[in-house]
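Architecture and fold: a report
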Amino acid sequence: MQHSTDEVATNADESSAQAPSHQPQRPRHLWLWLLLLVALAGGFLLFYSHGRAENTAVRPSLPPAISIVTATARTGSIGVYVNALGSVTPLSTVTIKSRVDGQLMSVNYREGQFVQKDDLLAEIDPRLFQTQLMQAEGQLERDQALLKNALVDLERYQAAYSKNAIPKQQLDTQVATVRQYEGTVKNDQGAVDNAKLQLVYCRITAPTDGRVGLRLVDPGNIVHAADTNGMLVITQLQPITVVFSVAEDYLPQIQQQLRRGQRLSVEAFDRTQQTKIGTGSLLSLDNQIDTTTGTLKLKAIFPNNDKSLFPNQFVNVRLLVSTQSGATLIPTAAIQRSANGAFVYVVKPDQTVAMQNVTVGTTDGDLTAVEGLQAGVTIAVDGFDKLQNGVKVIIRQAPKTGNARTTQ
C-alpha cells in the first residue's frame, strides 16, 4: 500500500513539472519600433548634414575687397618737352699767368675759394721793378731839365734873330734841339710808365668772379711770363651755361617760338632724372647741323644761384617747346598696357572697377595727357596685380611722399 502511494506522488510531481507555465510575457514589437525610429533619425541627420556640405561646396565664396589708391582725372595744361643729354660749360675759364719774371712771394687764396673781380691772388717780388722805376724817373728829370734849358735858349735865339743878331741856321738848330729833348722826355716818361706797369703786374688780381681751382705754383718758385702752364685757373660759375644737342626735327618748332619772342624754359636734372638741379632759359643755337648725327647744338644759361651746376658735369636737359592746354591729365602710374593698347581701371559708384581704354598723349614726369577719359573720373593708381573687371575695391588714402622729381 505504501508502495502505491509513493508511485502516485511521483507521478503527480512529474505531471506538475510537465504542465505549461501561465506567467505574463513583455511584448517584443516595442523594441522593434524604437530601433526603427533611431535608424530613421540617424538617416535624416546624415542626409541633412551631407546636403549642407554639398551646398557649401557648390556655392562660391565672394573675394575680399581690394584696397587701392585712387586719383581723379582733371583738365589742365601740360608741357611738351624735348629731352637731351647736356654738358655744363662755364661762361669763362681763365688761366692766370704771370706777366713779369720774378719770384712768387705770396699766395693770397685758398684752393676752391670763390673770389670776386680784382681780389688779390698772388704777389711777385717787386724790388727789381721798383729800382727800374727809380732809374726811369731820374732819367726823366734829367732830360726835362735839358729841355727846359733848351727852351730858354730858343727864346733868346728868337729875340736875337728878330734883331738880325744871329743867322737863321743857328735858330733852326736850336728849334731842332728843343724837339729832340721833347722826344727824349716822352721816351723817359714811357720808361717810367712801363716800370709802374711792371709793378702793377707784380700784384696778380682776379680778372673775373669765379671759383679758384687747385694751386699750380707754390710760393718761392721763379715764374716767367713765357711759362706755358699757369699759376691757377678761375672758372665762372654764376651764371653758367649748358650745351646740349637735339634732333634736327625739332628745329622748326624751336625757331617758331624764338621768332615769336618766346622765352624757352630749360630744366637740368641729375643722372637719374629724379632731382631737378636748376632752371634756365635757351640762350642761343649753333649755326649749323651736325651731319654725322643729325643734331643741332643749343646753349642754355642758368643763374646757378646755389652753385649746384658744376663745370663739365653731365646733366639731363628738358627743353620746353610748347604747352598743351585743356588736356585730360592723369597720373602716369595709372596707365596700364595690354595687347589691345593702354587702359585704366575706372572706379564705379558701386565701388567696383572696370577697364577703360585710353589714348596716351604727352607725358611730363608724373602726369600724362590721355584721350578717351572724362575729367572728374576716379581711377585706380595701384593694386593692378589683383584688379580685374567687377572686383570690389576699398579706397585708401595715398601715403604722403615726395614727387618722383624733387628740386634741390
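Residues numbered from 1 in each chain as written. Predicted model: local features only at pLDDT ≥ 70, side-chain atom pairs only at ≥ 80, totals over all residues. Heavy atoms only, no water.

With respect to topology, 4 strands assemble into an open sheet ordered β3-β10-β8-β5, the strand pairing being antiparallel. The open sheet has two edge strands, β3 (93-96) and β5 (114-115), and neither has a second partner. Across 2 bridges, β5 lies against strand β8 (residues 210-212) in antiparallel orientation. Bridging across to β8, Val-115 finds its partner in Gly-210. (Pairing = 2+ DSSP bridges. Helix = DSSP H or I, 4+ residues; strand = E, 2+ residues; numbered from the N terminus.)

The two faces of a sheet get side chains in turn, since along a regular strand they alternate between them. Here strand β14 (residues 295-302) shows one buried face, formed by Leu-296, Leu-298, Ala-300 and Phe-302, and one open face, formed by Thr-295, Lys-297, Lys-299 and Ile-301. When strand β11 (residues 240-247) meets β14, the two strands line up antiparallel, connected through 8 bridges. Bridge assignment links Val-246 to a residue of β14, and that residue is Leu-296. Of the pairings in the sheet, the one linking strand β13 (residues 275-285) to β14 comprises 4 bridges and is antiparallel in character. Its bridge partner lying in β14, Ser-284 is registered against Lys-299. (Buried < 20%, exposed > 50% of the residue type's maximum accessible area, 1.4 Å probe, protein only.)

Of all hydrophobic cores here, the largest spans 32 residues; its most connected members are Leu-104, Leu-121, Ile-124, Met-231, Leu-232 and Ile-234. Contributing elements (two or more residues each) for this core: β4 (102-107), β6 (120-124), α3 (127-162), α4 (168-201) and β10 (232-235). Counting 24 residues, the second largest nonpolar core, distinct from the first, contains Ala-84, Leu-264, Ile-277 and Leu-296. (Core = buried A, V, L, I, M, F, W, Y, C linked by side-chain atoms within 4.5 Å.)

What follows covers the pattern of salt bridges. Pairing is possible between side chains that carry opposite charge, provided their charged atoms lie close to one another. On inspection of all chains with the given rule, the structure shows 10 salt bridges. When the shortest N-O distance is used, the salt bridge between Asp-125 and Arg-127 registers 2.8 Å. On the accessibility criterion, Arg-127 (55% relative accessible area) is exposed. Between Arg-142 and Asp-143 there is a salt bridge whose closest N-O contact spans 3.3 Å. A cluster of three or more residues bridged by salt bridges with shared partners is formed by Glu-267, Lys-276, Arg-318 and Asp-364. (Salt bridge = Lys/Arg side-chain N within 4 Å of Asp/Glu carboxyl O.)

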